[in-house]
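Here's the letter readout for the chains.
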Amino acid sequence: MMINLRDKGAKVWDGWNRPTRTVFTLVVIAIVALLPFAATWGPTSFLNTPITSFENVLVYPVGMFVLMALGLNIVVGKSGLLDLGYVAFFAIGAYTMGILSTLYGWNTWEAMPFGILFAMLAGVLLGLPALRLRGDYLAIITLGFGEIIRIVALNLTVTGGTNGIPGIPNPPSIFGIKFDLMNPAHYFWIVVIMILLVIWMIRRFTVRRPGRAWEAIRQDEDVASLMGVNTLVYKLWSFVIGAAIGGAAGVLFASKVMVIAPQMFNFNVSVLILACVVFGGIGNIWGVAAGAVILAYLPERIRFISDARQLIFGLVLILMMNLRPDGLLPRKKREKIKEKGAQ
Amino acid sequence: MNFSVLTSEFWALALQGTALGLIYSLIALGYTMVYGVLRLINFANSEIFMVGTFSTMLIEIVVFKRAIDLPALSGGKLIFVLLLTLMGSMLVCALLAMLVELVAYRRLRARGTNRLASLISAIGTSIFLSESVRLLSGSRSHSAPRVLDKWSFGEVAGANFRIDTMMTIVAAIVIFIVLEIFVTKSHLGKAIRAVSMSEENSKLMGINLNRVITMTFAIGGLTTGAAAFFYTTTYENTVFNVGFNLGIAAFTSAVLGGIGNLRGAFYGGLSLGLLEQFASAILGSQWKSVTVFLVLVLVLLIKPSGIFGEAVQQTRT
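All values derive from a computational prediction rather than experimental measurement.

1. Considering the interface of chain B and chain A
Phase 1 of the analysis: Contacts between the two partners involve 46 residues from chain B, matched on the other side by 40 residues from chain A.
Phase 2 of the analysis: Between chain B and chain A, a total of about 3,900 Å² is buried, with carbon and sulfur atoms accounting for 74% of that surface.
Phase 3 of the analysis: At the junction of chain B with chain A, the criterion picks out 0 salt bridges.
Phase 4 of the analysis: Applying the counting criterion to the chain B and chain A interface returns 2 residue pairs in polar contact (both at pLDDT 80 or more).
Phase 5 of the analysis: Where the side of chain B that touches chain A is concerned, the elements lending two or more residues are helix H4 (75-111), helix H5 (115-137), helix H10 (242-257) and helix H12 (288-302) of chain B.
Phase 6 of the analysis: In terms of residue count, H5 of chain B provides more of the side of chain B that touches chain A than any other element does, 15 residues in total.
Phase 7 of the analysis: Residues of the side of chain B that touches chain A, tallied by class, amount to 27 nonpolar, 12 polar and 7 charged.

Below, the structure written as structure tokens:
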């Protein structure tokens, strides 16, 4: 039997009282916030990445992947809808930022709500027809949607075609914290704050009505519908919330890298994000976050075997799924078999 | 928008669309057969196709010593080389498909885990295959030697009945007829249909599940290998990521026709091929895939089971 770390962790956590939990959470957040310094501090310098600087790797891919994987997890993990085109929402956020900033001179924080809004709108537009379909049809529709967004971006003049949009400004400084090329750590802290917000939001949702509806839909859609759950509305909600998170990640990504082009938003990104979710443990926030960290960081770390790193990545996926098909940290047992009432 | 091509080039586009569509159909069989028995999208099928194009090229170069600059063959030697290359490519793809099943699916199936795990395992296999070929062959596109001279039977109403186009169309139709007969009449074909109706019951009926599933992958590999041969003979080049676009198109065809359904794959591929040709002539080739996907969305909205209905069996996932 494999040890279920997730359940072990949950048991320890349940045994703690409130102050202990608060202290533990703060310590974890502090350690995460100090991560950008890990590469230069002796004992942890083995973490350093050979080509891209460690601080930059922490922002993209690691931080962004965690953010997007958490967003996709609401769709795939919570309500059980297979989305193969998640990159579309990321792209919509990024292009919203690109267009609003270069044509209208908006800054990142002004464009952020609109990036999220447009991603949500796209989620509704795609979701309303698509979510009526069964699992695998939904997969192919979302895959197609991701490709459509990329091809549209490739062919419109406003999105700059193949060249994309150059010269997207960095975010303006807040409280004297500058955001520019020299300070990738500052972006990392913004991403961490966004991740914390998303985690908080997901945890709120999970224990309330939407979370229960999603769980019911995931286990058996027909039964959920018979019990009076408006399945389409709740599926749409999970889809739209997932889209919003993707959009937010896209806005920040665009103003970090300053130039975006269609080939950054190809199908492989969707697959990679989905891999993060499944690899870490579908449905479990901590598993998904851990999966995203590993799958985003690993290819950067093993750059020394640069050419073969994708090959190894493929092998890791096969091995991992064969050895631990439920992921690194599987979702709680009680979500598989309902036994909470017995307490 | 250029609607004049509809009148001026209608038959030319229709012919090209048919040939391309039938290549899609053959690859779509690789998806649809596996989906029929396992209810899984066999993500690695696109890379099996890619390996097929490379093995076609390699068989021509290594086994038959065809260099790029040699003149095309003719007569009995041509037929001999084409047939053996076709069989070689089909065999390689079938063996690879069986291997993929063994490595990526069997263990997961035995443990009865969630479908997403199998999907990721298949994606991993797919990445592994395309990356191995990229490491071996480089990222550039490779030209295949010309074996078949591209002579034409003649032109009718603007449509050029070229030998490679006609060969693809005829052979694909023959393959479909043979497969249809095989699935309805043969012992193994009946077993495959039984498994796709109910895994549990067919096990109770004494069907060797693992064997049937392996053979299903093998059949999907055979048709995918044939598609790879026709693709390479027609376009005469290949690259390590050739499977990606064709794989998506083939999978779309399978869904369009009703996944899990042999005839669905045939008609789905045919309609997708025609649609792509006409859409790229009318709107410009850059909007080709967008049109295809929009049509797919519309079809699924109106008839979610695909144009040609549900699979051999009616199932609720």
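What follows picks up the thread again.
2. Details of the UniProt feature "transmembrane region" (unreviewed entry) in chain B
All names here are of chain B.
Phase 1 of the analysis: The positions that UniProt labels "transmembrane region" (unreviewed entry) are, in the present scheme, residues 20-41, 48-68, 80-104, 165-183, 212-232, 238-259 and 290-312.
Phase 2 of the analysis: Secondary structure content for residues 20-41 is 86% helix and 0% strand, while the C-alpha to C-alpha distance between its ends is 22 Å.
Phase 3 of the analysis: Taken end to end, residues 212-232 is 100% helix and 0% strand, and its first and last C-alpha atoms sit 30 Å apart.

3. Remarks on the packing of helix H2 (residues 10-38) of chain B against helix H9 (residues 209-235) of chain B
Residue and element names in this part refer to chain B.
Phase 1 of the analysis: It is at 9 Å that the axes of H2 and H9 come closest, and there the two elements cross at 165 degrees. Taken together, H2 and H9 sit at an angle that is classed as roughly antiparallel. In the crossing of H2 with H9, the sense of the turn from one axis to the other is left-handed. Only Ile 213, Thr 216, Phe 217, Ile 219, Gly 220, Thr 223, Thr 224, Ala 226, Ala 227, Phe 230, Tyr 231 and Tyr 235 of H9 make contact with H2, whose side of the interface consists of Leu 20, Ile 23, Leu 26, Ile 27, Leu 29, Gly 30, Met 33, Val 34, Val 37 and Leu 38.
Phase 2 of the analysis: When grouped by side-chain class, the residues that make up the contact of H2 with H9 number 17 nonpolar, 5 polar and no charged.

4. Re the pattern of salt bridges
Phase 1 of the analysis: Inspection of every chain in the model, using the stated rule, returns 11 salt bridges over all chains.
Phase 2 of the analysis: Of the charged contacts in the structure, one is a salt bridge between Glu 215 of chain A and Arg 218 of chain A, with a shortest N-O distance of 2.9 Å. Residue Glu 215 of chain A and its partner Arg 218 of chain A are both found in helix H8 (residues 209-219); the two are separated by 3 residues, about one turn of the helix.
Phase 3 of the analysis: With its nearest N and O atoms 2.6 Å apart, the salt bridge here joins Asp 164 of chain B to Arg 162 of chain B.
Phase 4 of the analysis: Note on Arg 162 of chain B: relative accessible area 27%, which makes it partly exposed.

5. Comments concerning the packing of aromatic side chains
Phase 1 of the analysis: Counted by the stated rule, this structure contains 29 aromatic pairs over all chains.
Phase 2 of the analysis: Ring geometry for Phe 267 of chain A versus Phe 244 of chain B: centroids 5.4 Å apart, planes at 40 degrees, classification tilted. Placement of the pair is Phe 267 of chain A in helix H11 (residues 267-280) and Phe 244 of chain B in helix H10, with the two residues belonging to separate chains.
Phase 3 of the analysis: Through successive ring pairs, a cluster of aromatic residues spans Tyr 60, Phe 65, Phe 90, Tyr 95, Phe 253 and Phe 265 of chain A.
Phase 4 of the analysis: Geometry around Tyr 187 of chain A places Lys 256 of chain A over its ring, the cationic atom sitting 5.5 Å from the centre.

6. With respect to unusual backbone geometry
Phase 1 of the analysis: The step from Tyr 60 of chain A to Pro 61 of chain A runs through a cis peptide bond, and the omega angle for that step is 10 degrees.
Phase 2 of the analysis: Looking at the secondary structure, you find Pro 61 of chain A in helix H3 (residues 54-78).
Phase 3 of the analysis: Backbone geometry places Arg 39 of chain B, a non-glycine residue, at a positive phi of 60 degrees.
Phase 4 of the analysis: In this structure, Arg 39 of chain B sits in the loop between H2 and helix H3 (45-63).
Phase 5 of the analysis: For Arg 39 of chain B, a relative accessible area of 17% corresponds to the buried category.
Phase 6 of the analysis: Positive phi values are uncommon outside glycine, yet Glu 236 of chain B reaches one of about 55 degrees.

The rules behind the values
By convention here, each chain's residues receive numbers from 1 onward along its written sequence. Chains and ligands are labelled sequentially in the order written, the chains with letters from A and the ligands with numbers from 1. Per-residue local features of the predicted model are confined to residues with pLDDT of at least 70, and side-chain atom pairs are confined, for both listing and counting, to 80 or more; whole-chain, interface and lining totals are unaffected and use all residues. Remark: hydrogens and water are excluded; side-chain values derive from all non-hydrogen atoms of the structure. When checking whether two residues touch, look at their non-hydrogen atoms; a contact exists if any pair is within 4.5 Å. The term buried area refers to how much accessible surface (probe radius 1.4 Å) is lost by two components on association, counted for both of them together. A side-chain nitrogen of Lys or Arg and a carboxyl oxygen of Asp or Glu constitute a salt bridge if their distance falls within 4 Å. Residues adjacent in sequence count toward polar contacts only when both atoms are side-chain atoms; beyond that, a polar contact is any pair of N or O atoms within 3.5 Å, and within protein one must be able to donate a hydrogen and the other to accept it. By definition, any uninterrupted DSSP run of H or I lasting at least four residues is a helix, any uninterrupted run of E lasting at least two residues is a strand, and each is numbered from the N terminus. Amino acids are sorted into nonpolar (Ala, Val, Leu, Ile, Met, Phe, Trp, Tyr, Cys and Pro), charged (Asp, Glu, Lys and Arg) and polar (every other residue, Gly among them). UniProt positions are given in the numbering used here, feature names are shortened, and annotations may be inferred rather than shown by experiment. Think of each axis as a best-fit line through the C-alpha atoms, taken over the contacting stretch in the case of a helix, with angles from 0 to 180 degrees between the N-to-C directions. For this classification, under 35 degrees means roughly parallel, over 145 means roughly antiparallel, 65 to 115 means roughly perpendicular, and everything else is oblique. For any pair of crossing helices, the crossing counts as left-handed if the nearer helix is rotated counterclockwise from the farther one by less than a right angle, and right-handed if it is rotated clockwise. Buried residues are those whose accessible area, probed at 1.4 Å on protein chains only, stays under 20% of the maximum for their type, while exposed residues exceed 50% and partly exposed ones sit between those limits. By convention, a stacked pair of Phe, Tyr or Trp rings (six-membered ring in the case of Trp) has centres within 6.5 Å and planes under 30 degrees apart, an edge-to-face pair has planes over 60 apart, and any other such pair is tilted. Whether a charge sits over a ring depends on NZ of Lys or CZ of Arg being within 6 Å of the ring centre and within 35 degrees of the ring normal.

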